[in-house]
Amino acid sequence: MRKCVALWLFLSLVASSAALNPILLVPGLTCSVLETKMHKTSVPHAYCEKHIKDWSRIWLSLPELAPDLVDCFVDTVTVHYDINTNNYHNTKGVEIQAADFGGMGGLYSLDPAFPLKAETILYGHLIDFLEKKLGYVERETLFGATYDWRMAAPDQLETNGMFAKLDSLVEEAYTKTGLPVYLMGHSMGAPFAHMYLTTHTPEAWKQKYIAGLITLGGPFGGASDATEYSLCGTKWRIPISMENMKAIMRHMGSVAWMMPRGPAFEGIPIVSTPQRNYTAADLQQLYTDGASPEMAAILSHVQPFVAETSFLPPGVPTYIVYSLNQTTSLTFFEPEGPTCGKGPTSMIATRPGDGTVPDLSLLSFKYWKTQPQPVVPIQVSTDHVAMLSDPEVHEAIRNIVMPKQ
Ligand SMILES: *[C@@H]1O[C@H](CO)[C@@H](O)[C@H](O)[C@H]1NC(C)=O
Ligand SMILES: *[C@@H]1O[C@H](CO)[C@@H](O)[C@H](O)[C@H]1NC(C)=O
């Protein structure tokens, strides 16, 4: 009898896993592990490494952030932006790629030595749920679309090949299972997947290859934190100074993409100074006044591009998981003006949201043009990062990908 039950269990597991639509995880900003190879001709200190022959982890490797080594690290990961050509490039002699494209190795945790540590955990809890509770299998039914988030300027995803790589991964998942794929984007991964579906993929292709879009905490209208962090800096969970992080973020098109925008933010000050208020429409001026001509120029390319595409519907069944249970930043006050100085920044207006993304942005999917496929909002009670380990979110995902017959 027991044997029989075991056999039945085994058969039902096989049967259910065979029927799983593959999931392709699209991670958020800073949430793909990055690797480097380098042959630098100059370095900030004599002791910085100049040559690394084999791909090795740079984001993140905690030992590289030791106080004497952090300058070497910053020199390696900094993006250089050319205002005249709207091009982004690495420090001379440096190559950087996202780790383990297609697998979970570049998504599970930033540091394999401490996989589930609060400072380094990425999608580990979510991946554990999908694999252990739903029967997903890495590179069979579960795929990771890691990308170099430093270089993910929305106006360049087409030309820098990131969308083409997604195409091949979706087609691989489809070929392996014979089933269309769910794109699951968390944080910036949500607008990333939305832009992929609205600007890159043809209707007929979507109908064949895509089962649906699932978004978790998607900043469809940006978030004030992206502005504040790149303008004045922030303390990070990891030991990188505010100054260093600010310098890195000010050259990233992906950060510009994540700034407040669209009708939901109209007329709302994002940054307030004793001299003037800056709304989402004034962000280029804000960075010009804040001595960051690069970010002002980046915004001049990113904003019109994103404005043009952000109302397009994805054209596939869409499930939007969001939370409004946390106090979330909306307006920051800079007593010393847009160059920040050393004065304390204060938050003078907040909204309900998920602690990172305010409701105005999470609910900006309401401005999408209508589509024949359903767009299903799913409200949960957690925060932007905790949602990855939250049982309520896990159940919502289970109900989408394994609907009860
Ligand atoms: C900025 O806006 C707030 C209200 O949102 C207002 O009280 C304040 O006077 C404005 N500041 C300036 C300098 O115009
Ligand atoms: C979260 O917010 C919803 C709706 O605003 C509310 O019904 C729910 O009780 C809240 N949950 C928690 C844990 O605060």
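All residue numbers here refer to positions counted from 1 along the written sequence of the relevant chain. Naming scheme: in the order in which they are written, chains are lettered from A and ligands are numbered from 1. In keeping with the model being predicted, local features are shown solely for residues with a pLDDT of at least 70 and side-chain atom pairs are shown and tallied solely at 80 or more, while totals for entire chains, interfaces and linings include all residues. Hydrogens and waters are ignored; side-chain quantities use all the structure's heavy atoms.

In the nomenclature of an unreviewed UniProt entry, the protein corresponds to Group XV phospholipase A2 from the organism Paratrimastix pyriformis.

Trainee: Is there a simple way to explain the sheet that holds strand β9 (residues 210-216) in this structure?
Mentor: The strands making up a sheet associate through hydrogen bonds between their backbones, and the pairing can be parallel or antiparallel. If DSSP finds at least two bridges between two strands, the strands pair. By the criteria applied, helices consist of DSSP H or I runs no shorter than four residues and strands consist of E runs no shorter than two, each listed in order from the N terminus. Strand order in the open sheet formed by 6 strands is β7-β1-β8-β9-β12-β15, and the pairing between neighbours is parallel. Both edges of this open sheet fall to β7 (142-144) and β15 (375-380), since each of them pairs with a single strand only. Here the average twist between neighbouring strands, direction ignored, is 20°. Pairing of β9 with strand β12 (residues 318-323), which is carried by 4 bridges, proceeds in the parallel orientation. When the sheet's bridge partners are listed, leucine 216 is paired in β12 with valine 321. In the packing of helix α4 (residues 162-177) onto the sheet, contacts are made with β1 (23-26), β7, β8 (181-186) and β9, and the angle to β7 comes to roughly 170°. Whether two residues are in contact is decided by their heavy atoms: any pair within 4.5 Å suffices. To obtain each axis, a line is fitted to C-alpha atoms, and for helices this fit is confined to the stretch in contact; angles are then taken between N-to-C directions over 0 to 180 degrees. Packed on one face of the sheet, helix α5 (residues 189-200) meets β1, β8 and β9 and runs near 140° to β8.

Trainee: Would you mind showing me how to read α5 here?
Mentor: Along an α-helix, residues three or four apart share an orientation, since each turn contains 3.6 residues. The end-to-end C-alpha distance of α5 is 15 Å, a good match for the 16 Å that 12 residues give at a rise of 1.5 Å each. Only protein chains enter the accessibility calculation, which uses a 1.4 Å probe. A residue is then buried if its area is under 20% of the maximum for its type, exposed if over 50%, and partly exposed in between. In terms of residue burial, α5 counts as a mostly covered element, since 11 of its 12 residues are buried. Of all the positions in α5, only Gly189, Ala190, Pro191, Phe192, Ala193, His194, Met195, Tyr196, Leu197, Thr198 and His200 are classed as buried. An expected span of 1.5 Å times one less than the residue number is assigned to each helix.

Trainee: Mind showing me how you'd approach the layout of surface pockets here?
Mentor: Any empty space left between atoms is shown by rolling a water-sized probe over those atoms. A pocket, in this scheme, is an open set of points on a 1 Å grid over the protein atoms alone with protein on both sides within 12 Å along at least 5 of 7 lines, while a cavity is a set where a 1.4 Å probe fits but cannot get out; residues line either one if an atom lies within 4 Å of a point. Grid points are joined across faces, edges and corners, and a volume is the space filled by probe spheres set on the points. Estimated volume of the largest pocket: approximately 850 Å³. Forming the walls of the largest pocket are 35 residues, and the residues nearest its centre are Leu29, Thr30, Thr356, His384 and Val385. The element contributing the most residues to the lining of the largest pocket is helix α7 (residues 224-232), with 3 residues. Each residue is assigned to one of three groups, with Ala, Val, Leu, Ile, Met, Phe, Trp, Tyr, Cys and Pro labelled nonpolar, Asp, Glu, Lys and Arg labelled charged, and all others, Gly among them, labelled polar. A breakdown of the residues in the lining of the largest pocket according to their chemical character gives 19 nonpolar, 11 polar and 5 charged.

Trainee: Please explain the site of ligand 2 as it appears in this structure.
Mentor: We call a residue near a molecule or strand when any one of its heavy atoms sits within 4 Å of it. Every residue close to ligand 2 is listed here: Asn325, Gln379 and Ser381. At 2.6 Å, a side-chain N or O of asparagine 325 approaches an oxygen atom of ligand 2. Between ligand 2 and serine 381 there is a distance of 3.3 Å, counted from a nitrogen atom to a side-chain nitrogen or oxygen. For ligand 2, whose unbound accessible area comes to 360 Å², protein coverage reaches 29%. Residues adjacent in sequence count toward polar contacts only when both atoms are side-chain atoms; beyond that, a polar contact is any pair of N or O atoms within 3.5 Å, and within protein one must be able to donate a hydrogen and the other to accept it. Only the protein chains shown count as covering a residue, and every accessible area follows the Shrake-Rupley method with a 1.4 Å probe.

Trainee: Please clarify how the pairing of β8 should be interpreted in this entry.
Mentor: Both faces of the sheet carry side chains from a regular strand, because those side chains alternate between them. By the criterion of burial, β8 is predominantly enclosed, with 6 of the 6 residues buried. Side chains Val181, Leu183 and Gly185 project from β8 onto one buried face, and the interleaved Tyr182, Met184 and His186 project onto a second face that is buried too. As paired elements, β8 and β9 share 6 bridges and run parallel to each other. Counterpart to valine 181 in the pairing with β9 is isoleucine 210.

Trainee: For this particular structure, what's the right way to read the sheet that holds strand β6 (residues 94-98)?
Mentor: Spatially, β3-β2-β6 is the arrangement adopted by the 3 strands of the open sheet, whose pairing is antiparallel. Edge positions in the sheet fall to β3 (51-59) and β6, since each has one partner strand and no second. For this sheet the average axis-to-axis angle between neighbouring strands, irrespective of direction, equals 25°. Judged from the 5 bridges that link them, strand β2 (residues 34-39) and β3 form a sheet pairing that is antiparallel. Across the sheet, the residue bridging to threonine 36 is serine 56, located in β3. Contacting β2, β3 and β6, helix α2 (residues 70-77) crosses the sheet at an angle of about 95° to β3.

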